[in-house]
Amino acid sequence: MADKIINIQLAGFHDIDESAMEIVNKNVALHSKKIAYLAEDAGLLHITLKKLHEREKGEIYDIHVKLPDKGRVYVSHVNDRNLFVAVDTALQKIINEMD
C-alpha cells in the first residue's frame, strides 16, 4: 500500500525561533503520519498559532487545527503556556476524533 501524504499549512508561526520550529515540525510530521493512516481522503491540515496575553514571564499559545476529510471537518482548539504541549494536544485531539 502506498503511503498517503497530508499537506500541511502552518500560520502564525513566523515569530517562533528556528530551534523551536524544528521541534514543532517534527511533532507535526509524526502526527501527520497517524492522521494520513486514519484519513480516507484528507485535505489540507491547517494549523494556526495565536499568542494571547503576551507578558514578561511568557505568553499563552492558542492553537487551532482544522482538517477536512471526505465531507467531514475535524477541528480542535487548545490554549497552553507551552507551545509544544499545545501543538501536540491539538493534533492528538484530531487523531482521537478520527479514531
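Residues numbered from 1 in each chain as written. Predicted model: local features only at pLDDT ≥ 70, side-chain atom pairs only at ≥ 80, totals over all residues. Heavy atoms only, no water.

Undergrad: So, the overall build of the protein chain: which residues are in play, and what are the values?
TA: A count of helical and extended segments in the protein chain gives two helices and four strands. Traced from its N-terminal end to its C-terminal end, the protein chain shows the element sequence β-α-β-β-β-α. Expected size for 99 residues packed as a compact globule is a radius of gyration near 13 Å; at 14 Å, the protein chain falls within 12% of this value. Its C-alpha atoms give the protein chain principal-axis dimensions of roughly 50 × 25 × 20 Å. Taking contacts inside the protein chain between residues at least 6 apart in sequence as the whole, the part at least 24 apart equals 54%. Counting every atom, the protein chain has about 6500 Å² of accessible surface; 49% of that belongs to carbon and sulfur. Here the protein chain carries 13 positive and 16 negative side-chain charges, and the mean point of each set is 4 Å from the other. (Helix = DSSP H or I, 4+ residues; strand = E, 2+ residues; numbered from the N terminus. Rg over C-alpha atoms; globule rule 2.2 N^0.38 Å. Contact = heavy atoms within 4.5 Å. Areas by Shrake-Rupley, 256 points an atom, 1.4 Å probe, with all protein chains shown as cover. Lys, Arg positive; Asp, Glu negative; His and termini not counted. Charge placed at Lys NZ, Arg CZ, Asp CG, Glu CD.)

Undergrad: Quick rundown of the nonpolar core? Include the residues and the values.
TA: By size, the foremost hydrophobic cluster in this structure holds 27 residues, and its most contacted members are Phe13, Ile35, Ile63 and Leu83. Looking at this core, the elements with two or more residues in it are helix H1 (18-38), strand S2 (45-55), strand S3 (58-69), strand S4 (72-80) and helix H2 (83-98). Each residue touching Ile63, except ones within four places of it in the same chain, is listed here: Phe13, Ile47, Thr48, Leu49, Ser76, His77, Val78, Leu83, Ala86, Val87 and Ala90. (Core = buried A, V, L, I, M, F, W, Y, C linked by side-chain atoms within 4.5 Å. Buried < 20%, exposed > 50% of the residue type's maximum accessible area, 1.4 Å probe, protein only.)

Undergrad: Explain the side chain of Asp69 to me, and be specific about the residues and the numbers.
TA: One can find Asp69 in strand S3. Engagement of the side chain of Asp69 in a polar contact is seen with the backbone nitrogen of Glu40, the distance being 3.2 Å. Aside from chain neighbours lying at most four places away, what touches Asp69 is Ala39, Glu40, Asp41, Ala42, Tyr74 and Met98. (Polar contact = N/O pair within 3.5 Å; in protein donor to acceptor, adjacent residues only side chain to side chain.)

Undergrad: Could you give an account of H2, with specific residues and numbers?
TA: Each α-helix turn comprises 3.6 residues. Residues three or four places apart therefore point the same way. Along its 16 residues, H2 runs 23 Å from first to last C-alpha, staying within 8% of the 22 Å computed at 1.5 Å per residue. Every buried residue belonging to H2 is among Leu83, Ala86, Val87, Ala90, Leu91, Ile94, Ile95 and Met98, and all of these are buried. Considering only its buried residues, H2 is in contact with H1, S2, S3 and S4. The N-cap of H2, judged by a side-chain oxygen 2.9 Å from the amide nitrogen of Phe84 a few residues on, is Asn82. (Expected span 1.5 Å × (residues − 1).)

Undergrad: Outline the sheet that holds S4, supporting the account with residue identities and numerical values.
TA: In spatial order, the strands read S1-S2-S3-S4; together these four strands make up an open sheet with mixed pairing. Here the strands that pair on one side only, and so sit at the sheet edges, are strand S1 (8-11) and S4. Here the strands of the sheet are splayed against their neighbours by 15° on average, with no regard to which way each runs. Relative to S3, S2 runs antiparallel, the two sharing eight bridges. Of the residues in S3, the one forming a bridge with Thr48 is His64. Strands in contact with H1 are S1, S2 and S3; relative to S1, the strand with the most contacts, it is inclined by about 145°. (Pairing = 2+ DSSP bridges. Axes fitted to C-alpha atoms, helices over the stretch in contact; angles between N-to-C directions.)

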